[in-house]
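Observations on chain architecture
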Amino acid sequence: MWRVESAHMEVDASVGDGAAQVTIHYRFVADGGGVLPLDSPIPVELLGFGEATTESFTVGPGPAISLSVTGGTHRSGEIMPPSAVTGEALPIEVRYRVDQAVEVDDGRVRGRIPTLTAPPLVDEGSGFRATLVLPAQWSLVEGFPSGLRLNPSGQYEVSLPVVPAMIGFRGRTDGAWRPGIPLLVDLLTLTMLCGFAVFGWRHLSGVAAAANA
């Protein structure tokens, strides 16, 4: 059996034509350690979101590998490992294109890029990392996973202990920033906490004043 030791997903939607080029650098190990099961295929799957899906992928410079529909928008396939591997891990690079990954509507954009997922990560931590490149003039309102943040190089990135089913975002093409629902919830929660803190401080101050009277 195979397990994912680490994965780095790179999503390039910088052209702004609605498509996204995806590259995932996987590093596989044998489940439980030991000898790599090179005679066993690596199962992969992909869950599409509406029109945001793909029918095939490639491994390195090899030919396209088809994904079979298993139900609804769910697809599955297999990667056959090379016959010879040096070391205790198998690095594999997969590539695919999602033609309708981004929807644009009157300055608003929504992106949903499905992830070609493989067996679970070996253990919890930050084994999955994703980077997302968008047109320079676009601004991100909210992202999924929620930790998606802009880094100094102009890319959005996030690290997770698991491989998510997709990388998603909402934004604007005009560069205008508008708060998303997660931010509004955070602000409301912070306001309530501050209110409780002020109330508690006043109550304690009253108790202390009465005790000193």
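Higher on the page you've got the structure.
Worth saying up front: this structure is predicted, and the values here are computed from it rather than measured. Numbers given for residues are sequential positions, taken from 1 along each chain in its written order. The model is predicted, so local features are restricted to residues of pLDDT at least 70 and side-chain atom pairs to those at 80 or more, both for listing and for counting; the totals for chains, interfaces and linings are taken over all residues. For the side-chain quantities, the full set of heavy atoms in the structure was used; hydrogens and water were omitted.

Description of the pairing of strand 7 (residues 74–79)
Selection criterion: Burial here depends on accessible area, computed with a 1.4 Å probe over protein chains only, as a share of the maximum for the residue type. Under 20% is buried, over 50% is exposed, and the range in between is partly exposed. Helix numbering and strand numbering both begin at the N terminus, where a helix is a DSSP run of H or I of at least 4 residues and a strand a DSSP run of E of at least 2. One requirement defines pairing of two strands: DSSP has to find at least two bridges between them.
Only one face of strand 7 is covered, namely the one carrying Arg75, Gly77 and Ile79; the face carrying His74, Ser76 and Glu78 has none of its residues buried. Across 6 bridges, strand 3 (residues 42–47) lies against strand 7 in antiparallel orientation. By the bridge assignment, Leu46 is partnered in strand 7 with Arg75. As paired elements, strand 6 (residues 68–71) and strand 7 share 3 bridges and run antiparallel to each other. Following the sheet pairing, Ser68 is matched in strand 7 by Ser76. In sequence, strand 6 turns back onto strand 7 through a hairpin of 2 residues, with Gly72 there showing a positive phi of about 60 degrees.

A look at the sheet that holds strand 8 (residues 90–98)
In spatial order, the strands read 5-4-8-2-1-11-14-13; together these 8 strands make up an open sheet with mixed pairing. The sheet is open, and its two edges are formed by strand 5 (64–66) and strand 13 (149–150), each paired on a single side. Relative to strand 2 (residues 20–30), strand 1 (residues 2–12) runs antiparallel, the two being bridged by 10 bridges. What sits directly across from Asp12, in strand 2, is Gln21.

Some points on the nonpolar core
Applied cut-off: Take the buried residues of types Ala, Val, Leu, Ile, Met, Phe, Trp, Tyr and Cys, join any two whose side-chain atoms come within 4.5 Å, and each joined set is a nonpolar core.
Counting 44 residues, the largest nonpolar core has Met9, Phe28, Tyr96, Ile113, Leu116 and Phe169 as the members making the most contacts within it. For this core, the elements supplying multiple residues, two or more each, are strand 1, strand 2, strand 3, strand 8, strand 10 (108–114), strand 11 (128–133), strand 14 (156–160) and strand 15 (166–172). Tallying contributions element by element places strand 2 first for this core, with 6 residues.

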